[in-house]
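Inside the fold
Chain by chain, the residues run as shown.
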Amino acid sequence: MVASPEDMTQLTQAPDRGGPAQPLLEVRGLVKHFPIRGGLFGRQVAVVRAVDGVDLTIRKGETLGIVGESGCGKSTTARLLMRLLDPDAGEMVFDGESVGGNDQAGGIALRDYRRQVQMVFQDSYASLNPRLTIEETIAFAPKVHGVSPTEARERSHDLLAAVGLAPAQFARRYPHELSGGQRQRINIARALALQPRLVILDEPVSALDKSVEAQVLNLLMDLKEKFGLTYAFISHDLNVVQYISDRVLVMYLGKVAETGPVEEIYDRPAHPYTRALLASRPSMDPSKRRTEPPLTGDPPNPVNPPSGCRFRTRCPMAEAVCAEREPPSAHLTAGHEAACHAVMPGSGHGAAPRIAA
Amino acid sequence: MSAALKMDPAAPLVRARDLSVRFVNRDTTVHAVNGVDLDLAQGEVLCLLGESGSGKSVTLRALMKLLPKQAKVGGSIEVAGRDVQAMSERQLADFRGGDVAMIFQEPMTALDPVFTIGRQIAEAVQRHEGASRSAADARALELLELVQIPSAKRRLAAYPHELSGGLRQRAMIAVALACKPKLLLADEPTTALDATVQIQVLLLLRELQEKLGMGVIFVTHDLGVAGEIADRVAVMYAGRVVEEGPVGPFMAGPLHPYPQGLLGATVHGGMRGKRLTTIPGAPPSLEKLPEACSFAPRCPIAEPACQQGVPEARPMGPGRMARCIRAVAP
Ligand SMILES: Nc1ncnc2c1ncn2[C@@H]1O[C@H](COP(=O)(O)OP(=O)(O)OP(=O)(O)O)[C@@H](O)[C@H]1O
Ligand SMILES: Nc1ncnc2c1ncn2[C@@H]1O[C@H](COP(=O)(O)OP(=O)(O)OP(=O)(O)O)[C@@H](O)[C@H]1O
Ligand code: SF4
Ligand SMILES: [Mg+2]
Ligand SMILES: [Mg+2]
């Protein structure tokens, strides 16, 4: 399909459909298991339960911070939200429309969905094509969507400048000629090239030095305002997540452990894993150096997760009930939920609140 | 036997003088490292901080002679008493992974995608220690357990792409430790880990470093990480070390305006809703060799004299150095 000159205008963001109260993205019961093959005939011998029943809501214009154990399924969740992977189960509703629908059933087609949701990947190197210059990389998707080459190039230069890389110096370089931090800024510029509504940022600043990190965070805040963006922000840096997020979701081994407004999570963490996570933040003061990690023990195996609560094998508060039943989400205060028996009234856990008569 | 084993215990493990690295292409030259002096004692942990693109990874690679051909390396590099620049390919093969090991910034580029994790570790052990295959396999399992990879036995058979970022990073650490190196070069090895695992890995590295008497150069952007494990800190800007000193006094008050800006830009609790302080401007192009203080165009206290030549490394009290004509010793 050749785009006519009239089509070659700037890409614009898709319009709002459901109004401000409609969440931008609602996900229920998301599941992704990866088969493990083995033996002589490469038969499936087990599955990695990478994402195992995740519910999440991303409201319009907010930043949802996602934190959790390495390997708990954050990147897999991100790839599912992007629909780079097909979920095994679960439903996704984008601005009121079911994702992956068709004309008969209603809903939003994957092709349209994918333009409105963009991602910045964790591995900045592997996600850039080594044979394309920086400017070609950023201009690639807009060109595919019918923007003229000249305009796509101009736009790529604007975006380079916006992420703090002088186009004259960098536009014609190849990915291997850049530092890790410089490559990550290219990834951010590329994700914004299609004017998306939702941007999923998988560790977008972890490769950057602190002054560039501050610049990129300021930039992300500006871009969000300017283009009306919504972010899902995955990071291991708890200070950064606290700074940028409106709400926070804590994952552990393929499940949501706790979710709530950022102040609640940081000031009143309810799940023992969240507490351990917050207590593990390194200290800049060498005289307060730690000698014992707050959390010990091996992270359990997602192939064969523990019965009941998945955190129980490392949890300082675990009791018999924790091995018997999986803890449902307990509602604590408005929008603050934790999946732990110790905060669930009537769960049978010694620390659980009594049910009000 | 490797020369390192016969070293005088007081001899420095790393001694680099006036190290420079230029990348020369058809139409451009990038002056990535411009006169770096580095000293590391045996059993010491040095954290290398600095601007992204300031030459930290290139410096580490130079210490292992792991740079591409178009890189022109100048100055002298001694590691474990040996002249790295003068080593032959044969000697380098023994040296890397034997005396010196590296944990890379991007594990996927260092792990071989077509071999299982177990094979890659065992391979390294066999190559450097001439161990039998079964001894090497047993050691691979031991190493995966050492770096606390869950269900280590099963993960021996995993391919790199089957592991999460954090597990890959631990696998890399296991590969690096396979031959009990004297010097470990770690390029942001904990950036991909969650806080609970990060602190475990830091404590683990610190423990192994003390136990094996290993020297470590640790690149990080996280001042918290430096606070947890560094003995000394060196900060790079535009291919030079602009400040260096023991970690405590550095954290309490850096002397050079660049690290001062860096500490000021660090995000911490209670900054929500506020615009973050950044260092205005952008780092200099490295296409020309800087003839003045590279930080001057962005420096809040620059004066005309800052444009007159590259500032000398000035001693600033016990073990401290700053390359700034305006820095005052505390
Ligand atoms: N293609 C795959 N095949 C098999 N297992 C996989 C695959 N991709 C991911 N996994 C497994 O799924 C789990 C979740 O991985 P994922 O990358 O989503 O974790 P993560 O939370 O992003 O971790 P990190 O913080 O380390 O990046 C891990 O146990 C991982 O080993
Ligand atoms: N092969 C190459 N050709 C040309 N320039 C290069 C090459 N490799 C690195 N550079 C340049 O050398 C400089 C130093 O790069 P280096 O990777 O050492 O940065 P760094 O300090 O590790 O940064 P980061 O913190 O972002 O990882 C950068 O400006 C980079 O663009
Ligand atoms: S449910 Fe039990 S094991 Fe799980 S976090 Fe709560 S107290 Fe700990
Ligand atoms: Mg990930
Ligand atoms: Mg680097």
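Reading the values: the criteria
Residue indices begin from 1 for each chain and proceed along its sequence in written order. For naming, the first written chain is A and the first written ligand is 1, with later ones following in the order written. In keeping with the model being predicted, local features are shown solely for residues with a pLDDT of at least 70 and side-chain atom pairs are shown and tallied solely at 80 or more, while totals for entire chains, interfaces and linings include all residues. Side-chain numbers here rest on the full set of heavy atoms in the structure, without hydrogens or water. Only runs of H or I of at least four residues qualify as helices and only runs of E of at least two qualify as strands under DSSP, and these elements are numbered from the N terminus. Here the aromatic set is Phe, Tyr and Trp, taking the six-membered ring for Trp, and pairing holds for ring centres within 6.5 Å; pairs whose planes are under 30 degrees apart are stacked, those over 60 apart are edge-to-face, and all others are tilted. When a residue's accessible area, from a 1.4 Å probe over protein chains only, is under 20% of the maximum for its type it is buried; when over 50% it is exposed; and in between it is partly exposed. Residue proximity to a molecule or strand is established when one non-hydrogen atom of the residue lies within 4 Å of it. Polar contacts, as used here, are pairs of N or O atoms within 3.5 Å; protein pairs need one atom able to donate a hydrogen and one able to accept it. Residues neighboring in sequence count only if both atoms are side-chain atoms. Per-residue and other accessible areas follow the Shrake-Rupley method at a 1.4 Å probe size, with only the shown protein chains counted as cover for residues. Amino acids outside the nonpolar list (Ala, Val, Leu, Ile, Met, Phe, Trp, Tyr, Cys, Pro) and the charged list (Asp, Glu, Lys, Arg) are all regarded as polar, and Gly is one of them. Whether two residues are in contact is decided by their heavy atoms: any pair within 4.5 Å suffices. The quantity reported as buried area is the accessible area (1.4 Å probe) lost by two parts once they are put together, taken as the sum for both. In the sections that follow, a salt bridge refers to a side-chain nitrogen of Lys or Arg positioned within 4 Å of a carboxyl oxygen of Asp or Glu. For two strands to count as paired, DSSP must find a minimum of two bridges between them. Every axis corresponds to a line fitted to the C-alpha atoms, with the helix fit spanning only the stretch in contact, and the corresponding angles, defined between N-to-C directions, vary from 0 to 180 degrees. These domain boundaries are the output of an automatic or database domain assignment. Cysteine sulfur atoms are paired as a disulfide whenever they fall within 2.5 Å. Only buried residues count toward a nonpolar core, which is a set of Ala, Val, Leu, Ile, Met, Phe, Trp, Tyr and Cys residues joined through side-chain atoms within 4.5 Å. Confidence scores labelled pLDDT are given residue by residue by the predictor and lie between 0 and 100.

**Focus: unusual backbone geometry**
If you check the backbone angles, R83 of chain A has positive phi at about 65 degrees while not being a glycine. Along the polypeptide, R83 of chain A turns up in the loop between α1 (74-82) and β4 (89-94).

**Here's the deal with the packing of aromatic side chains**
Residue and element names in this part refer to chain B. Throughout the structure, instances matching the rule amount to seven aromatic pairs over all chains. With a centroid separation of 4.7 Å and 50 degrees between ring planes, the pair formed by Y237 and Y258 is classed as tilted. Separated by 21 residues along the polypeptide, Y237 in strand β9 (residues 232-237) and Y258 in helix α11 (residues 257-265) bring together distant segments of the chain. Residue classification places Y258 among the buried residues on the basis of a relative accessible area of 0%.

**Quick notes on the site of ligand 2**
Around ligand 2 there are 24 residues in total, and E177 and G181 of chain A together with G53, K56 and S57 of chain B lie nearest to it. Neighbouring residues of ligand 2 are distributed over chains A and B. The backbone of E177 of chain A places a nitrogen or oxygen atom 2.8 Å from an oxygen atom of ligand 2. In isolation ligand 2 exposes 650 Å². Once the protein is present, 93% of that is buried. Sorting the residues of the shell around ligand 2 by element identifies α6 (180-192) of chain A together with β2 (29-40) and α1 (56-63) of chain B as the ones contributing at least two each. Class assignment of the residues belonging to the shell around ligand 2 gives a composition of six nonpolar, 13 polar and five charged.

**A word on the environment of A270 of chain A**
Residue and element names in this part refer to chain A. Structurally, the position occupied by A270 is in the loop between α9 (262-267) and α10 (272-279). Classification of A270 by relative accessible area gives buried; the value is 9%. Separated by 181 residues in sequence, A270 and A89 place their C-alpha atoms 28 Å apart.

**Observations regarding the interface of chain A and chain B**
Listed per partner, the contact involves 65 residues of chain A and 66 residues of chain B. Summed over both sides, the interface between chain A and chain B buries roughly 4800 Å², with carbon and sulfur atoms accounting for 52% of that surface. There are four salt bridges connecting chain A and chain B. Residue R275 of chain B is joined to D222 of chain A by a salt bridge in which the shortest nitrogen-to-oxygen separation is 2.9 Å.

**A look at the side chain of D52 of chain A**
Residues and elements named next belong to chain A. Structurally, D52 is set in strand β2 (residues 43-58). On the basis of relative accessible area, D52 is assigned to the buried category, the value being 9%. When residues no more than four places from it in sequence are discounted, the contact partners of D52 are L30, V31, H33, G254, K255 and R310.

**Here we look at the sheet that holds strand β4 (residues 71-79) of chain B**
Residue and element names in this part refer to chain B. Across the sheet, four strands lie side by side as β2-β1-β4-β5; this open sheet has antiparallel pairing. The sheet is open, and its two borders are formed by β2 and β5 (82-83), each paired with just one other strand. Along the sheet, α1 makes contact with β1 (14-24), β2 and β4, crossing β1 at roughly 115 degrees.

**Digging into the sheet that holds strand β6 (residues 117-120) of chain A**
All names here are of chain A. Read from one edge of the open sheet, eight strands run β6-β7-β8-β3-β9-β10-β12-β11, paired in mixed fashion. Only two strands of the sheet have a single partner each, and these edge strands are β6 and β11 (330-333). Within the sheet, the average angular offset between the axes of one strand and its neighbour, ignoring direction, is 20 degrees. Where strand β3 (residues 63-68) lies against strand β9 (residues 247-252), five bridges are found, and the strand directions are parallel. Within β9, the residue paired with V67 across the bridge is V250. Of the strands in this sheet, β3, β7 (198-202) and β8 (230-234) touch helix α7 (residues 210-227), which is tilted by about 155 degrees from β8.

**A word on the domain arrangement of chain A**
Residue and element names in this part refer to chain A. Entries for chain A in the domain assignment read domain 1 (18-251) and domain 2 (254-282 + 302-357). Each of domain 1 and domain 2 was reduced to a C-alpha centroid, and the two centroids are 28 Å apart. Across the contact, 26 residues belong to domain 1 and 21 residues belong to domain 2. Around 1900 Å² of area is buried between domain 1 and domain 2 when both sides are counted, 56% of it from carbon and sulfur atoms.

**As for the state of the cysteines**
If you walk through the whole model with that rule in mind, you get zero disulfides over all chains. Not part of a disulfide, C299 of chain B finds its nearest cysteine sulfur in C324 of chain B, a span of 6.1 Å.

**A short note on α1 of chain B**
Working note: α-helix, 3.6 residues per turn, so residues spaced by three or four point in the same direction. Residues and elements named next belong to chain B. Most of α1 is tucked away, with six of its eight residues classed as buried. Residues of α1 that are buried: K56, V58, T59, L60, A62 and L63. Phi turns positive, to about 50 degrees, at K65, one or two residues after α1.

**So, the pattern of salt bridges**
Going through the model one piece at a time under the given rule, you end up with 38 salt bridges over all chains. The residue E135 of chain A makes a salt bridge to R172 of chain A at a minimum N-O spacing of 3.2 Å. Remark: R172 of chain A occurs in the loop between α5 (167-170) and α6 and E135 of chain A occurs in helix α3 (residues 134-144); sequence separation between them is 37 residues. The buried category is assigned to E135 of chain A, whose relative accessible area is 8%. Residue classification places R172 of chain A among the exposed residues on the basis of a relative accessible area of 60%. Its salt-bridge partner being E303 of chain B, residue R326 of chain B comes within 3.3 Å of it at the nearest N-O pair. Of this pair, R326 of chain B sits in the segment after β12 (321-322) while E303 of chain B is found in the loop between α11 and β11 (314-315), placing the two residues 23 residues apart along the sequence.

**Remarks on the environment of S75 of chain A**
Take S75 of chain A: it is sitting in helix α1. For the pair S75 of chain A and V51 of chain A, spaced 24 residues apart in the sequence, the C-alpha separation amounts to 9.7 Å.

**Some thoughts on the nonpolar core**
Ranked by internal contacts, the top residues of the largest apolar core, which has 105 residues, are V79, L183, L184, L185, I217 and F218 of chain B. Sorting elements by how many residues they give to this core places helix α7 (residues 165-177) of chain B first, with seven residues. When residues no more than four places from it in sequence are discounted, the contact partners of F218 of chain B are L46, C47, L48, A186, P189, T190, L202, L205, V225 and I229 of chain B. Listed in part, the 38 residues of the second largest apolar core include V120, L160, F170 and V216 of chain A.

**Quick word on the pairing of strand β10 (residues 255-261) of chain A**
Here is the key point about a regular strand: its side chains alternate between the two faces of the sheet. Residue and element names in this part refer to chain A. In terms of burial, β10 is a largely internal element, six of the seven residues being buried. In terms of strand pairing, β9 meets β10 through six bridges, oriented antiparallel. In the sheet register, Y252 faces β10, and the bridge partner there is K255. Two successive antiparallel strands, β9 and β10, enclose a turn made up of two residues, where L253 displays a positive phi of approximately 50 degrees. As defined by bridge partners, β10 adjoins strand β12 (residues 336-338) across two bridges and the pair is classed as antiparallel.

**Brief notes about the confidence of the model for chain B**
Residue and element names in this part refer to chain B. Looking at chain B, the pLDDT average stands at 88 and 95% of residues meet or exceed 70. Counted against residues more than four places away or in other chains, residues 1-5, with its pLDDT under 50, gives five contacts. Two numbers describe this predicted complex: its pTM, 0.86, and its ipTM, 0.80.

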